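# Structure at a glance
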Amino acid sequence: MERTLVLVKPDGVQRGLIGEVTSRLERRGLRLVAAKFMAVSRELAETHYAIHKGKAFYDGLILYITSAPVMAMVWEGPNAVAAVRQTMGSTRPTEAAPGSLRHDFALEMGRNLTHASDSVENGDQEVALWFKAGELISWERSNDKWIFEK
Ligand code: IDP
Ligand code: MG
């Protein structure tokens, strides 16, 4: 079962969209594994976005993600990485598919509401960066067999 890190970034929290994001992921059939509402330290932001260091938008990105609390979550399911990226929509909101979160709620890349891991490997690494093993809950939902084929 794939796991992926989701962040409702500071703009999503400020705009009262934690419920909207969570509700769409639940509705899709994904299963919540962990969640915490937290302030993001500069150190955590820089580790999380290390791949973007040196890019023109990097300093703004670090300021953005540390500017207010975020809702950090881990979601799991078959093809969870691709499913969640699809529910979020493309990084640039004006290219996001209609019906996706970034299409429906955002206009600019620097205020695009959410983060979601972009590969299974990065998902595992990001989950380990943001959560301690003891914070991850393995559980079964009563309707899992009607959502997960196996
Ligand atoms: P992703 O969040 O869709 O995976 P990435 O390319 O990994 O997109 O970029 C990380 C975040 O950095 C984006 O979600 C967005 O907030 C921000 N970002 C990326 N490119 C730009 C840009 O050109 N201008 C402003 N912000 C950007
Ligand atoms: Mg990314």
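Residues numbered from 1 in each chain as written. Chains lettered and ligands numbered in written order. Predicted model: local features only at pLDDT ≥ 70, side-chain atom pairs only at ≥ 80, totals over all residues. Heavy atoms only, no water.

Let us look at the nonpolar core. Ranked by size, the top nonpolar core spans 20 residues in total, and within it Trp130 and Phe131 carry the most contacts. For this core, the secondary-structure elements that each account for two or more residues are strand 1 (2-8), strand 2 (31-38), helix 3 (42-48), helix 4 (58-65), strand 3 (70-77) and helix 7 (120-130). The dominant element in this core, judged by the number of residues it contributes, is helix 4, at 5 residues. Residues in contact with Phe131, not counting those within four places in the same chain, are Leu5, Ala34, Ala35, Lys36, Ala72, Met73, Val74 and Leu136. Ranked by size, the runner-up nonpolar core spans 14 residues in total, among them Val6, Trp75, Val84 and Met88. (Core = buried A, V, L, I, M, F, W, Y, C linked by side-chain atoms within 4.5 Å. Buried < 20%, exposed > 50% of the residue type's maximum accessible area, 1.4 Å probe, protein only. Helix = DSSP H or I, 4+ residues; strand = E, 2+ residues; numbered from the N terminus. Contact = heavy atoms within 4.5 Å.)

Attention shifts here to the site of ligand 1. Lining the immediate surroundings of ligand 1 are Lys9, Tyr49, His52, Phe57, Leu61, Tyr64, Arg85, Thr91, Arg102, Met109, Gly110 and Asn112. Between ligand 1 and Met109 there is a distance of 2.8 Å, counted from an oxygen atom to a backbone nitrogen or oxygen. Bound to the protein, ligand 1 loses 77% of the 520 Å² it would expose on its own. When the residues that make up the shell around ligand 1 are grouped by side-chain class, the tally is 5 nonpolar, 4 polar and 3 charged. (Near = heavy atom within 4 Å. Polar contact = N/O pair within 3.5 Å; in protein donor to acceptor, adjacent residues only side chain to side chain. Areas by Shrake-Rupley, 256 points an atom, 1.4 Å probe, with all protein chains shown as cover. Nonpolar A, V, L, I, M, F, W, Y, C, P; charged D, E, K, R; others polar.)

Turning our eyes to something else, we now look at the pairing of strand 3. Here strand 3 lies mainly inside the structure; 8 of its 8 residues are buried. Residues of strand 3 alternate between two faces, with Val70, Ala72, Val74 and Glu76 on one and Met71, Met73, Trp75 and Gly77 on the opposite face, all of them buried. Relative to strand 3, strand 1 runs antiparallel, the two sharing 7 bridges. Directly across from Leu7, in strand 3, lies its bridge partner Ala72. (Pairing = 2+ DSSP bridges.)

On the secondary structure map, Ala80 appears in helix 5 (residues 80-88). A relative accessible area of 0% means that Ala80 is categorised as buried. On a C-alpha basis, the gap between Ala80 and Arg31 in space is 9.3 Å, while along the polypeptide they are 49 residues apart. The residues touching Ala80, leaving out its near neighbours within four places in the chain, are Glu2, Thr4, Leu30 and Trp75.

Okay, the pattern of salt bridges next. Under the criterion given, the structure shown has 9 salt bridges. Residue Arg3 is joined to Glu76 by a salt bridge in which the shortest nitrogen-to-oxygen separation is 3.0 Å. Taken together, the residues span a long stretch of sequence, with Arg3 in strand 1 and Glu76 in strand 3 at a distance of 73 residues. Look at Glu76 and you get buried, because its relative accessible area is 4%. (Salt bridge = Lys/Arg side-chain N within 4 Å of Asp/Glu carboxyl O.)

The next thing to look at is the environment of Ile147. Positionally, Ile147 belongs in the segment after helix 7. Its relative accessible area of 36% is what places Ile147 among the partly exposed residues. Sequence separation of Ile147 and Arg28 is 119 residues, and the distance between their C-alpha atoms is 9.1 Å. Setting aside residues no more than four positions away along its own chain, Ile147 makes contact with Gly29 and Arg141.

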